[in-house]
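Overview (structure and organization)
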Amino acid sequence: MAGIVVLLSGSGSNLAAIMENELPVKFVMSNNSKAYGIDRANKKKIPSFVQSDLKILELHVTKLCLSNDIDLIVLAGFMKLLSPAFVAAWKGKIINIHPSLLPSFPGARAIEQAFEYGVKYTGVTVHYVDEGMDTGQIIAQEPIKIAKNDTIKNLYGKIHKVEHKLYPKVIKNLLKWKLIKAY
Ligand code: GAR
């Protein structure tokens, strides 16, 4: 039975969307003990693990992946850069969601960056993770128009709405079609 591990650092609304779509979340991991995403996992009785030391966290994820039937490592608002060694070990099996049309506005505060820049369109990108910051091969993108009367707050709402549909759909397809790259 296929399974996924979700790594997150914050609210976990993408985790909630993934769980609502009945995707096989086996474990949830975080670098942040205050992440609300951990509470969401606990409420659904999904085993969770918190570790602020990235090296130890990566070791734990590796152990879990090796001793369980894990197909995909899903970053859902995980705000740390994974080490090159970890990324190399699991290349093609780690995906991320980012709230902009990459390669524009990588890194933190992507929604604000796009809004402040004044672009007419921003969007959401799902991509494989490589050693860089939001630089891996793009799997899916969805554009979002920034209307004249949009505020940063409702742009957040628009982005999240798209993320919550797009990410579960992409994960489902990757698992279904075994599009997880050989590593
Ligand atoms: C999401 O908007 C996700 O795209 C973004 O963090 C948010 C997490 O929200 N990720 C990045 O910016 C990665 N560079 P959530 O915790 O409610 O799912």
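Residue numbering note: each chain is counted from 1, following its sequence as written. Totals for whole chains, interfaces and linings use every residue, but because this is a predicted model, local features are given only for residues with pLDDT of at least 70 and side-chain atom pairs only at 80 or more, for both listing and counting. As a rule here, side-chain values come from all non-hydrogen atoms in the structure, and water together with hydrogens is ignored.

Examining the packing of aromatic side chains
When the centres of two rings from Phe, Tyr and Trp lie within 6.5 Å, Trp using its six-membered ring, the rings pair. Their planes under 30 degrees apart give stacked, over 60 give edge-to-face, and anything left gives tilted. Tallied over the full model, the rule gives 1 aromatic pair. Aromatic side chains F105 and Y117 sit 5.7 Å apart centroid to centroid with 65 degrees between the ring planes, which places their arrangement in the edge-to-face category. With a gap of 12 residues between them, F105 in the loop between β5 (94-98) and α5 (110-117) and Y117 in helix α5 connect regions that are remote in the sequence. Buried means the residue's accessible area, taken with a 1.4 Å probe over protein chains only, is under 20% of the maximum for its type, while exposed means over 50%, and partly exposed covers the values in between. For Y117, a relative accessible area of 65% corresponds to the exposed category. By the criteria applied, helices consist of DSSP H or I runs no shorter than four residues and strands consist of E runs no shorter than two, each listed in order from the N terminus.

Quick word on the pattern of salt bridges
Note on definitions: salt bridges are taken to be side-chain nitrogens of Lys or Arg within 4 Å of carboxyl oxygens of Asp or Glu. Taken as a whole, this structure holds 2 salt bridges when the rule is applied. When the shortest N-O distance is used, the salt bridge between D150 and K158 registers 2.6 Å. A residue is classified by how much of its surface remains accessible, and D150, at 10% relative accessible area, is buried.

Here's the deal with the packing of helix α1 (residues 13-20) against helix α6 (residues 152-176)
In a packed pair of helices, the relevant descriptors are the angle between the two axes and the axis-to-axis distance. Every angle, taken between N-to-C directions, lies between 0 and 180 degrees, and every axis is a line fitted to C-alpha atoms, over only the stretch in contact when it is a helix. With their axes 9 Å apart at the nearest point, α1 and α6 run at an angle of 50 degrees to one another. In terms of orientation, α1 and α6 fall into the oblique class. Handedness of the crossing formed by α1 with α6: right-handed. Judged by residue contacts, S13, N14, A17 and I18 of α1 engage H160, E163, H164, Y167, P168 and I171 from α6. Residues were grouped as follows: Ala, Val, Leu, Ile, Met, Phe, Trp, Tyr, Cys and Pro as nonpolar; Asp, Glu, Lys and Arg as charged; and all remaining residues, including Gly, as polar. Taken together, the residues of the contact of α1 with α6 sort by class into 5 nonpolar, 4 polar and 1 charged. In these notes the angle categories are as follows: under 35 degrees is roughly parallel, over 145 is roughly antiparallel, 65 to 115 is roughly perpendicular, and the rest is oblique. Handedness of each helix crossing follows the sense of rotation of the near helix against the far helix: counterclockwise by less than a right angle gives left-handed, clockwise gives right-handed. Only heavy atoms enter the contact rule, under which two residues are in contact if any of them lie within 4.5 Å.

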